[in-house]
Amino acid sequence: MTPEESNGSSQDASADPRSGDDGVNGANGAARPLVERFDVALLDLDGVVYVGTDPVPGVADAITAVRRRGMRVTFVTNNASRSPADVAKLLGSVGVDAVAADVVTAAQAGARVLAERIPRGAAVLIVGGDALRDEVEAFGLTPVHSADDHPAGVIQGYHPSVGYRDLAEATVAVRAGAVWIVTNGDLTIPSARGILPGNGALVQVVRTATGTPPVVTGKPEPALHQESVRRSGARRPIVVGDRLDTDIEGAARAGCPSLLVLSGVTTPSELLAADAGHRPTYLAENVSGLLHAHRHPDRRDGGWRLCGWFAAEEDDALTLSWHGTAAQPDRLDALRVLCAASWTTGSADGRGGVRVRASGDDATAATESLQLRS
Ligand SMILES: [Mg+2]
């Protein structure tokens, strides 16, 4: 395959990651900037737009630039405790312009899935906050707070007010046969005080007591993605996220291209070890990656080459070396060739992570910057 053919196939592969390109999804190239290839960016929030309460540096300017180039931006969250208007206000507080219609929540996806399964006007037990109740009402259903009201459905989403009584009511209703929808299965949520129980942890209480599995609608399940596409009217969406097990897996399962940003929780080491269902189509430091074309590694000389970097598998590790002339070698291009090498050779399989041997000062600087273990 010539480099030209390789680039051509990568464009096709990036439009549909399932079509594959030597299995090198995250290292895929795009000859045109992503803002020109896709019409709507479906942006995750935490780790993409902000981290905790702080904006990701430069994110507001990047989103403004993306919009100026004609791409629309929809913010997609598994968090069911905030209304779209509340999320828009939060975005404003970190300098990102947004209105409620720019936001899609797992509560909206959950309410729609419920509305499709039970009669209009039916009673729904709310295990969650006002934002969840409002979405249920918006779909013509009747929120209740007791199993004695014989709810046809139960919807459960994170809210700090959820307590034993709510879980007990849900248990009674689910055991009586109510359709049980949960907005997401995240076991934990981050906080300033460390890890706290997420919606998934409380879902496990009801699941244990009922022996019934719920229907999950948040990422990585497809319902939230479908809701985001429906509400945004996206024809060529791209998912932008920081987590392999929610954003990227969700995109892969929906057959949607994805961009992993390194501004959140995923480390380069975790990315190298990702299995086929958790590999992004593209890779960037942050949201500004949407503004650029993405270079494509070429398979050559028993390894992978990209813009001066070369990576190959040797014994039980990957080797990385720099042969370019640029004054400042791009660490992301180094990671792209390493991903290509790791994902096509199975270096990550069964070894508890990928080891990378750097050859030369530039490669050493890149692996140290990426915090890869040797
Ligand atoms: Mg995130």
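Residues numbered from 1 in each chain as written. Predicted model: local features only at pLDDT ≥ 70, side-chain atom pairs only at ≥ 80, totals over all residues.

Considerations on the overall build of the protein chain
The following threshold applies: To qualify as a helix, a DSSP run of H or I must reach at least 4 residues; to qualify as a strand, a run of E must reach at least 2; elements of each kind are numbered from the N terminus. In this setup the radius of gyration rests on C-alpha atoms only. A globule is expected at 2.2 Å times the number of residues raised to 0.38. C-beta atoms are first placed from the backbone for all residues, and any pair lying within 7 Å is then listed as a contact.
Along the protein chain, the regular secondary structure elements total 13 helices and 20 strands. The C-alpha radius of gyration computed for the protein chain amounts to 22 Å, which stays within 12% of the reference 21 Å derived for 374 residues, consistent with globular compactness. Principal-axis analysis of the C-alpha atoms places the extent of the protein chain at approximately 70 × 45 × 40 Å. Considering only intrachain contacts with a sequence separation of at least 6, the fraction spanning at least 24 residues in the protein chain is 68%.

Focus: the environment of Val240
Here is the rule we go by: Once C-beta atoms are placed from the backbone, each residue is buried if 20 or more other C-beta atoms lie within 10 Å of its own, exposed if 12 or fewer, and partly exposed for counts between those two.
Mapped onto the elements of the fold, Val240 is located in strand β13 (residues 237-241). For Val240, a count of 29 C-beta atoms within 10 Å corresponds to the buried category. Separated by 164 residues in sequence, Val240 and Val76 have C-alpha atoms that sit 9.5 Å apart. Those residues in contact with Val240, other than ones at most four positions away along the chain, are Ala41, Leu42, Leu43, Asp44, Val48, Leu259, Val261 and Val287.

What to know about the sheet that holds strand β20 (residues 356-359)
Filter applied, for reference: Pairs of strands are assigned from DSSP output, requiring at least two bridges between the strands. Here an angle of 0 to 180 degrees is reported between the N-to-C directions of two axes, which are lines fitted to C-alpha atoms, with helices fitted over the stretch in contact.
Read across the open sheet, the 5 strands follow the order β16-β17-β18-β19-β20; overall the sheet is mixed. The sheet is open, and its two borders are formed by β16 (298-300) and β20, each paired with just one other strand. On average, each strand axis in the sheet is inclined to that of its neighbour by 25°, with strand direction left out of account. In this structure, strand β18 (residues 309-314) lies alongside strand β19 (residues 317-322), joined through 6 bridges in antiparallel fashion. In the strand pairing of β19, Phe310 is matched with Ser321. The strands touched by helix α12 (residues 331-345) within the sheet are β17 (303-306), β18, β19 and β20, with β18 carrying the most contacts at an inclination of about 25°.

So, the pairing of β19
Because side chains alternate across β19, one face comprises the buried residues Leu318, Leu320 and Trp322, and the other comprises Ala317, Thr319 and Ser321, none of which is buried. Taken together, β18 and the strand that follows it, β19, pair antiparallel across an intervening segment of 2 residues, in which Asp315 is found at a positive phi of about 55°. Pairing of β19 with β20, which is carried by 4 bridges, proceeds in the parallel orientation. Across the sheet, residue Leu320 finds its bridge partner in β20, namely Ala358.

Some remarks on the sheet that holds strand β15 (residues 282-284)
The sheet built from 6 strands is open, its strands ordered β5-β4-β1-β13-β14-β15 with parallel pairing. Each edge of the open sheet carries a strand with a single partner, namely β5 (103-105) and β15. In this sheet, neighbouring strand axes are inclined to one another by 25° on average, regardless of whether the strands run parallel or antiparallel. Pairing geometry for strand β1 (residues 40-43) and β13, over 4 bridges, is parallel. When the bridges of β13 are listed, Leu43 appears paired with Val240. Against the sheet, helix α10 (residues 244-254) engages β13 and β14 (258-261), with an angle of about 160° to β13.

Remarks on the confidence of the model for the protein chain
What counts is decided by this rule: Per-residue confidence from the predictor is reported as pLDDT, a score between 0 and 100.
On average, residues of the protein chain score 90 in pLDDT, and 90% of them reach the 70 mark or higher. A low-confidence stretch, residues 1-25 stays under pLDDT 50, and its non-local contacts, those more than four residues away or across chains, total 44 contacts.

Quick notes on helix α5 (residues 106-117)
Heads up, the condition is: To estimate how far a helix should extend, the number of its residues minus one is multiplied by 1.5 Å.
Over its 12 residues, α5 runs 17 Å from end to end, which matches the ideal 16 Å to within 8%, given 1.5 Å per residue. With 10 of 12 residues buried, α5 lies mostly within the body of the structure. For α5, the complete set of buried residues consists of Ala106, Ala107, Gln108, Ala109, Gly110, Ala111, Arg112, Val113, Leu114 and Ala115.

Observations concerning helix α4 (residues 84-93)
The condition is simple: Arc definition: it is the arc formed by the directions from the helix axis to the C-beta atoms.
Within the span of α4, buried status applies to Pro84, Val87 and Leu91. Projection of α4 onto a plane perpendicular to its axis shows the buried side chains occupying an angular sector of 60°, all on one side. Of the surrounding secondary structure, the elements contacted by the buried residues of α4 are β4 (72-77) and β5. Phi turns positive, to about 90°, at Gly95, one or two residues after α4.

Structural notes on unusual backbone geometry
In this model, Lys219 is joined to Pro220 through a cis peptide bond whose omega is 10°. Secondary-structure assignment places Pro220 in the loop between β12 (215-216) and α9 (222-232). Residue Gln371 is not a glycine yet carries a positive backbone phi of 55°. Looking at the element boundaries, Gln371 is found in the segment after α13 (361-369).

Re the environment of Ala254
With respect to the secondary-structure elements, Ala254 resides in helix α10. Classification of Ala254 as buried rests on a count of 22 C-beta atoms within 10 Å. Measuring from C-alpha to C-alpha, the distance between Ala254 and Thr345 comes to 26 Å, with 91 residues separating the pair along the chain. Once you skip the residues sitting within four places of it in the chain, Ala254 turns out to touch Pro222 and His225.

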